[in-house]
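Now for the letters of each chain:
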Amino acid sequence: MDSDRKRHHDSPGQRIQGELRQLRQLRELRTREQRVRREERPGQSPGSRSRLDQPRTGRPGLIHLPAWDPEAFGKLSERIARFLGTGRFIVWMTVVIIAWVAWNTLLPPGVRFDSYPFIFLTLVLSLQASYAAPLILLAQNRQDDRDRVNMEQDRARSDRNIADTEYLTREVAALRQGLGEVATRDFIRSELQSLLREIDERREPAEPL
């Protein structure tokens, strides 16, 4: 009450000064809050603790490995595996081996770079096999994953089809039961004919009178 009375008695200039003081206090509080938030952020201070409400941008450590897309690498491995399983690859590999052997046997010794027993050729073929095997395995694993997903989808689709057929069979059975209780046209005709006969039979004895 006293504060309200003082406000009523204060002049407009004093009121404006009081409002300006309140605004300054609010600004100081906001600046303090911002400073506290900056100090609490991880990575700003050496002893700061990582917050749970902020996602990590990368793994902590001295060594940062380059990021790679596993899907793109898997597609590349599948392409290589498909090419290795074609006749074109076998033909090209045969041509390269024949040219390699012919170069290192028929040409002069000064031009040869891998003489008999072709150790460098054996090293290249073993290196190719060591890389081709895991690429083929990776492609097979991806194909197995796709087959598993397709099998699960087929199983779910077959379950839905079974449920639909069971529902339709129940509906057909219910319709049959309902139709069994419904009067057909022949039944109504027969009932009407029987009623007409009864009426005619009752009229016949009344005519002689």
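Just above, that's the structure.
Just so you know, these numbers come straight off a predicted model, no measurement behind them.

> Would you take a moment to explain the packing of aromatic side chains for this structure?
Two descriptors summarise a pair of aromatic rings, namely the distance from one centre to the other and the angle between the planes of the rings. According to the stated counting rule, one finds 4 aromatic pairs in the structure shown. On the numbers, 5.7 Å between centres and 85 degrees between planes, the contact of Y116 with F118 is edge-to-face. Judged by relative accessible area, Y116 falls into the exposed class, the value being 69%. An aromatic cluster is built from W100, F113 and F120, whose rings are joined through pairwise contacts.

> Would you mind showing me how to read helix α4 (residues 87-106) here?
Three- or four-residue spacings in an α-helix give side chains the same orientation, since the helix completes a turn every 3.6 residues. Across its 20 residues, α4 extends 28 Å between first and last C-alpha, which sits within 8% of the 28 Å expected from 1.5 Å per residue. Regarding α4, the residues found buried are F89, W100 and N104. Buried residues of α4, seen end-on, are gathered within an arc of 20 degrees and therefore sit on one face of the element. Exposed residues pointing more than 90 degrees away from the buried face of α4 are listed as R88, V91, I98 and L106.

> Looking at this structure, I do not really get unusual backbone geometry. What am I missing?
Note: most residues except glycine have negative phi, and most peptide bonds are trans. Residue P117 follows Y116 across a cis peptide bond; omega there is 15 degrees. Relative to the assigned elements, P117 resides in the loop between α4 and α5 (119-181). Of note, F118 is a non-glycine position whose phi angle comes to about 55 degrees, a positive value. As for its placement among the helices and strands, F118 is situated in the loop between α4 and α5.

> So what exactly am I meant to see when it comes to the pattern of salt bridges here?
Any two side chains of opposite charge can pair if their charged atoms end up close together. Here the structure, examined in full by the defined rule, presents 5 salt bridges. With a shortest N-O distance of 2.8 Å, E78 and R142 are connected by a salt bridge. In this pair, E78 sits in helix α3 (residues 70-84) while R142 sits in helix α5, placing the two residues 64 residues apart along the sequence. Of the two residues, E78 and R142, both sit in the buried class. For the salt bridge of D154 with R157, the shortest nitrogen-to-oxygen distance reads 2.8 Å. Of the two residues, D154 and R157 both sit in helix α5, 3 residues apart, roughly one turn of that helix. A relative accessible area of 42% means that D154 is categorised as partly exposed. Here R157 falls in the partly exposed class, since its relative accessible area comes to 40%.

> How should I be thinking about a nonpolar patch on the surface in this particular structure?
On the surface, W103, V111, F113, F120, L123 and V124 cluster together to form a nonpolar patch covering roughly 570 Å² of accessible area. By residue number, the principal contributor to the nonpolar patch is α5, which donates 3 residues. For F113, the position within the fold is in the loop between α4 and α5. The class for F113 is partly exposed, based on a relative accessible area of 48%.

> I'm lost on a positive patch on the surface in this one. Help?
Taken together, R21, R24, R27 and R30 make up a surface patch of like positive charges. By the element assignment, R21 lies in helix α2 (residues 12-40). Classification of R21 as exposed rests on a relative accessible area of 56%.

Rules used in this analysis
Residues numbered from 1 in each chain as written. Predicted model: local features only at pLDDT ≥ 70, side-chain atom pairs only at ≥ 80, totals over all residues. Heavy atoms only, no water. Phe/Tyr/Trp six-rings, centres within 6.5 Å; stacked < 30°, edge-to-face > 60°. Buried < 20%, exposed > 50% of the residue type's maximum accessible area, 1.4 Å probe, protein only. Helix = DSSP H or I, 4+ residues; strand = E, 2+ residues; numbered from the N terminus. Expected span 1.5 Å × (residues − 1). Arc of directions from axis to C-beta. Salt bridge = Lys/Arg side-chain N within 4 Å of Asp/Glu carboxyl O. Patch = residues over 30% accessible without salt bridge, like charges linked within 9 Å, V, L, I, M, F, W, Y side chains within 5 Å. Areas by Shrake-Rupley, 256 points an atom, 1.4 Å probe, with all protein chains shown as cover. Lys, Arg positive; Asp, Glu negative; His and termini not counted. Charge placed at Lys NZ, Arg CZ, Asp CG, Glu CD.

Interpretation in functional terms is not warranted from these geometric data alone.
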